[in-house]
Amino acid sequence: MNRIRIVGLVFLISSTTIDFTYGCTNILVSKGATKDGSTMITYAADSHELYGELYYYPSKDYPEGAMLDVYEWDTGKYLGKIKQVPHTYRVVGNMNEYQLTIGETTFGGRSELSDTTALIDYGSLIYITLQRAKTAREAIKVIDELLQEYGYYSTGESFSIADPNEVWIMEMISKGTKEKGAVWVARRIPDGYISAHANQSRIRQFPMDDTENCLFSEDVISFAKEMGYYKGKDKDFSFADAYAPIDYSALRFCEGRVYSIFNRAAPSLEMSMDYVKGVASAEPMPLWIKPDNKLSVLDVAELMRDHFQGTEWDMTKDPGAGSFGLPYRWRPLTWEVNGVEYCNERAISTQQTGFSFVSQARADLPNAIGGVLWFGVDDTYSTVYSPMYCNITEVPQSFAVGNGDMFHFSWDAAFWVFNFVSNFAYLRYNMVIKDVRKAQKQIEEEFFSMQPIVEAKALEYYKESPEKAIAFLTDYSVNQGDLMVEKWKKLAGELMVKYIDGNVKTNGELTQPGYSEEFYEDLIEKTGDHFKMQKLPGEGNSH
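Computed from a predicted model, the values in this text were never measured in an experiment.

Looking at the overall build of the protein chain
(1) Moving on: Secondary structure summary: the protein chain contains 11 helices and 23 strands in total.
(2) Moving on: Referenced to the eigenvectors of the C-alpha coordinate spread, the extents of the protein chain come out at roughly 100 × 60 × 45 Å.
(3) Moving on: Counting the 543 residues in the protein chain, one finds 56% classified as buried.
(4) Moving on: For the protein chain, long-range pairs separated by at least 24 residues make up 73% of all intrachain contacts whose partners lie at least 6 apart in sequence.
(5) Moving on: Approximately 23,200 Å² of the protein chain is accessible, and the part contributed by carbon and sulfur atoms is 52%.
(6) Moving on: With 53 positive and 76 negative side-chain charges, the protein chain shows a spacing of 2 Å between the two charge centroids.

Side note on the nonpolar core
Nonpolar side chains tend to gather and get buried jointly when the protein is soluble and globular.
(1) Moving on: Residues Phe159, Ile161, Met172, Phe237, Tyr243, Phe355 and Trp488 are the most contacted members of the largest nonpolar core, which totals 153 residues.
(2) Moving on: The dominant element in this core, judged by the number of residues it contributes, is helix α9 (residues 429-464), at 10 residues.
(3) Moving on: Leaving out residues up to four positions away in the same chain, Ile161 has contacts with Leu100, Thr101, Ile102, Ala136, Ala139, Ile140, Ile143, Glu166, Val167, Trp168 and Met170.

Quick word on helix α8 (residues 414-425)
(1) Moving on: Taking 1.5 Å of rise per residue, 12 residues should cover 16 Å, and α8 covers 17 Å from first to last C-alpha, within 8% of that figure.
(2) Moving on: With 10 of 12 residues buried, α8 is to be regarded as a mostly interior element.
(3) Moving on: Every buried residue of α8 is listed here: Ala414, Phe415, Trp416, Val417, Phe418, Asn419, Val421, Ser422, Phe424 and Ala425.
(4) Moving on: In this structure, the buried residues of α8 make contact with β19 (353-360), β20 (372-377), α9 and α10 (466-499).

Details of empty space enclosed by the protein
By rolling a water-sized probe across the atoms, one finds the places where empty space is left.
(1) Moving on: Using the criterion set out here, one finds 2 cavities of 30 Å³ or more in the structure.
(2) Moving on: Approximately 90 Å³ is the volume attributed to the largest cavity.
(3) Moving on: For the largest cavity, the lining is made up of 14 residues, of which Met315, Arg331, Glu345, Ala347 and Thr350 are closest to its centre.
(4) Moving on: In terms of residue class, the lining of the largest cavity is made up of 5 nonpolar, 4 polar and 5 charged.
(5) Moving on: Of the voids in this model, the second largest cavity is the one considered here, and its volume is about 30 Å³.
(6) Moving on: Around the second largest cavity, the lining residues are Ile143, Asp144, Leu147, Gln148, Met170, Met172, Ala182 and Trp184.

Overview of the sheet that holds β20
(1) Moving on: Spatially, β16-β14-β1-β2-β19-β20-β21 is the arrangement adopted by the 7 strands of the open sheet, whose pairing is antiparallel. Only two strands of the sheet have a single neighbouring strand rather than two, namely β16 (288-289) and β21 (386-389).
(2) Moving on: Of the pairings in the sheet, the one linking strand β1 (residues 23-29) to strand β14 (residues 194-197) comprises 4 bridges and is antiparallel in character. Bridging across to β14, Leu28 finds its partner in Ser195.

Concerning the packing of aromatic side chains
(1) Moving on: Within the structure shown, the criterion is met by 37 aromatic pairs.
(2) Moving on: On the numbers, 5.6 Å between centres and 80° between planes, the contact of Tyr55 with Tyr127 is edge-to-face. Here Tyr55 is found in the loop between β2 (40-46) and β3 (56-57), whereas its partner Tyr127 is found in helix α1 (residues 122-130), with 72 residues between them in sequence.
(3) Moving on: Among the residues examined, Tyr55 registers a relative accessible area of 1% and is labelled buried.
(4) Moving on: Between Phe418 and Trp488 the ring centres are 4.9 Å apart and the planes differ by 15°, which places this aromatic pair in the stacked class. You can see Phe418 sitting in helix α8 and its partner Trp488 sitting in helix α10, a full 70 residues away along the chain. A single burial state applies to Phe418 and to Trp488, both of which are buried.

A short note on the pattern of salt bridges
(1) Moving on: All told, the structure shown has 30 salt bridges when counted by the stated rule.
(2) Moving on: Lys225 is the salt-bridge partner of Asp234, the closest N and O atoms lying 2.8 Å from each other.
(3) Moving on: Note on Lys225: relative accessible area 36%, which makes it partly exposed.
(4) Moving on: In this structure, the salt-bridge partner of Arg252 is Glu345, at a minimum N-O distance of 2.5 Å. Of this pair, Arg252 sits in helix α5 (residues 248-265) while Glu345 sits in the loop between β18 (340-343) and β19, and the two are 93 residues apart along the sequence.
(5) Moving on: Classification of Arg252 by relative accessible area gives buried; the value is 17%.
(6) Moving on: Looking at Glu345, the relative accessible area reads 12%, which means it is buried.
(7) Moving on: Here the residues in one salt-bridge network are Arg137, Glu166, Arg188 and Glu212, joined through shared partners.

So, the side chain of Thr106
(1) Moving on: Tracing the backbone shows Thr106 in strand β10 (residues 101-108).
(2) Moving on: At 2.5 Å, the side chain of Thr106 forms a polar contact with the side chain of Glu157.

Digging into the state of the cysteines
(1) Moving on: Evaluated as defined, the whole model comprises 0 disulfides.
(2) Moving on: Here Cys254 is not disulfide-linked; the sulfur of Cys24 is the nearest cysteine sulfur, at 11 Å.

Some words on the packing of α8 against α9
(1) Moving on: In contact at an axis separation of 8 Å, α8 and α9 are set at 145° when each is read in the N-to-C sense. Contact residues: Val421, Phe424 and Ala425 in α8; Tyr429, Val432 and Val436 in α9.
(2) Moving on: Grouping the amino acids of the contact of α8 with α9 by side-chain chemistry returns 6 nonpolar, no polar and no charged.

So, the confidence of the model for the protein chain
(1) Moving on: The share of residues in the protein chain with pLDDT of 70 or more is 95%, and the mean pLDDT across the chain is 94.
(2) Moving on: A low-confidence stretch, residues 1-21 stays under pLDDT 50, and its non-local contacts, those more than four residues away or across chains, total 91 contacts.

As for the pairing of strand β6 (residues 78-83)
(1) Moving on: In the sheet, strand β5 (residues 67-71) pairs with β6 via 5 bridges, with the strands oriented antiparallel. Bridging from a neighbouring strand, Val70 pairs with Gly80 of β6.
(2) Moving on: Where β5 folds back onto β6 in an antiparallel hairpin, the turn is made up of 6 residues, including Gly76, whose phi is positive at roughly 80°.

Reading guide: rules and limits
- Starting afresh in each chain, residues are numbered from 1 along the sequence in its written order.
- Thresholds applied to this predicted model are a pLDDT of at least 70 for local features of residues and 80 or more for the giving and counting of side-chain atom pairs; totals over whole chains, interfaces and linings are not thresholded and use all residues.
- Computation of side-chain values: all heavy atoms of the structure, hydrogens and water removed.
- Strands are runs of DSSP state E lasting at least 2 residues, helices are runs of H or I lasting at least 4, and numbering of each runs from the N terminus.
- Buried residues are those whose accessible area, probed at 1.4 Å on protein chains only, stays under 20% of the maximum for their type, while exposed residues exceed 50% and partly exposed ones sit between those limits.
- Whether two residues touch is decided by their heavy atoms; if any such pair falls within 4.5 Å, the residues are in contact.
- To measure how exposed things are, a 1.4 Å probe is used in the Shrake-Rupley method; for residues, cover is taken only from the protein chains shown.
- For the purpose of counting charges, residues Lys and Arg are taken to be positive, whereas Asp and Glu are taken to be negative. His and the chain ends are not included.
- One atom stands in for each charge, and that atom is NZ of Lys, CZ of Arg, CG of Asp or CD of Glu.
- Put simply, a nonpolar core is a bunch of buried Ala, Val, Leu, Ile, Met, Phe, Trp, Tyr and Cys residues held in one set by side-chain atoms that sit within 4.5 Å of each other.
- Expected helix span is taken as 1.5 Å per residue step, with the number of steps being one fewer than the number of residues.
- Only protein atoms enter the 1 Å grid used here. Points where a 1.4 Å probe fits but cannot escape make up a cavity, open sets with protein on both sides within 12 Å along at least five of seven lines make up a pocket, and a residue lines them when an atom lies within 4 Å of a point.
- Grid points are joined across faces, edges and corners, and a volume is the space filled by probe spheres set on the points.
- The residue classification treats Ala, Val, Leu, Ile, Met, Phe, Trp, Tyr, Cys and Pro as nonpolar and Asp, Glu, Lys and Arg as charged. All others, Gly included, are polar.
- If DSSP finds at least two bridges between two strands, the strands pair.
- Ring pairs are drawn from Phe, Tyr and Trp, using the six-membered ring of Trp, whenever the two centres fall within 6.5 Å, and their geometry is named by plane angle: stacked under 30 degrees, edge-to-face over 60, tilted for the rest.
- For this document, the term salt bridge refers to a Lys or Arg side-chain nitrogen within 4 Å of an Asp or Glu carboxyl oxygen.
- Any N or O atom pair separated by 3.5 Å or less is treated as a polar contact, with the protein-specific requirement of one donor-capable and one acceptor-capable atom, and with residues adjacent in sequence counted only for side-chain atom pairs.
- Defined by distance alone, a disulfide is two cysteine sulfur atoms within 2.5 Å.
- Axis definition: a line fit to C-alpha positions, over the contact stretch in the case of helices; interaxial angles, taken between N-to-C directions, run 0 to 180 degrees.
- pLDDT measures the predictor's confidence residue by residue and takes values from 0 up to 100.

Below, the structure written as structure tokens:
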């Protein structure tokens, strides 16, 4: 496959849930919750089979009667043809030329609602919609119309949809082969608030008389009643409870990620972990919260860099972290010992992220300048987010589709360069990650310090000609993306020199720090005298 990649959520569906070996995380940030008045959403596309690259679709005109071939985003399977529109919009990654951005996480939901006869899956739906809609509300309308006409091939999905003024969470699930289309609810994130989702439906009750802030399919409740999922009054209907009943896996693996985001963004709330730990009497987390402080792009990026630090699930602290505090656990996610099932934690920062982004959309600037997709590949904790302006006419070669694949290493591909550094860091994490984070911070802070200067120049060009501003920002985005990868290659070499063979070289001196005291104590507890140094008869006597 070339443009189609196995992405995000290759899932094995049980009665109500997905296989959490794969998954994604989104944060949604309203204008009033940001320092610069922008809207933001984040997306981490996680899959061991995803090759991270930056998708690009140029704007195009099509003749009357043109058709579009649709392929399932996860597998590349051909689904069929749909009618093409006369004109499509330019798309860079998951942001289009009007600053509209869409992300997703899959929650699976009720397996009987899968429709294998439909023509549009969740992944194709994102990029088709981005090529056809200008605003978040228009995107919701386009999504609904497409699915009514062509059906919905995927199962339950949460979408994050943002334009420069509004941020929406939209949740939907197919109606199965019984009826074409999908049932859905979309809620606008209140100004000054943030939301999040991570593979579990989160919309419960919703206002049915507030079309300014809540939209939904007309049969979302009646269909649930028809299928036997709900019997109560309409005002008490919960989308999540009807279409994606929660289980312990969803609490610990999905809502746990949301808890960590909310807990870090608003520590003043002192949120309890009882709900995500499965305590029966605990109240569900709110759909959105107000952060303690307004957030910058860097603040939001840091929320995506999470190993449950500061909580009792801190992955650098449990025995699985080993002597070097490694907050990553190799698959499987769950395992059995003596017939009892156990699990690893499922943090936001994970080794199998293909790509991630933080979108920045601003209403006070022309679209070509206001929309920035801060894009990175591999693990969110060690990636660098590079600015890709939403109207650029090409992308960095190091990020480009077709530059490398999952089975062939290349120093020319950002995906492999960043994976080299992160996987090297996993070997002696508590030391190496400090150097990685230092380099990351330096590059990202340079990007953000340059942003007002670059955009002031772009505005000058824009007054002369929008095309001139776009050309300028294209050169800037491409050059900075490729230059950042070159810097990361240099870092790879520096790390190899500094940490080769378990040694550490600092200021011209070589040390051998060994393992932690806790590691040695645990080893002796498990092995007794196996490693104890003995003395031979007469050894140590003076001669």
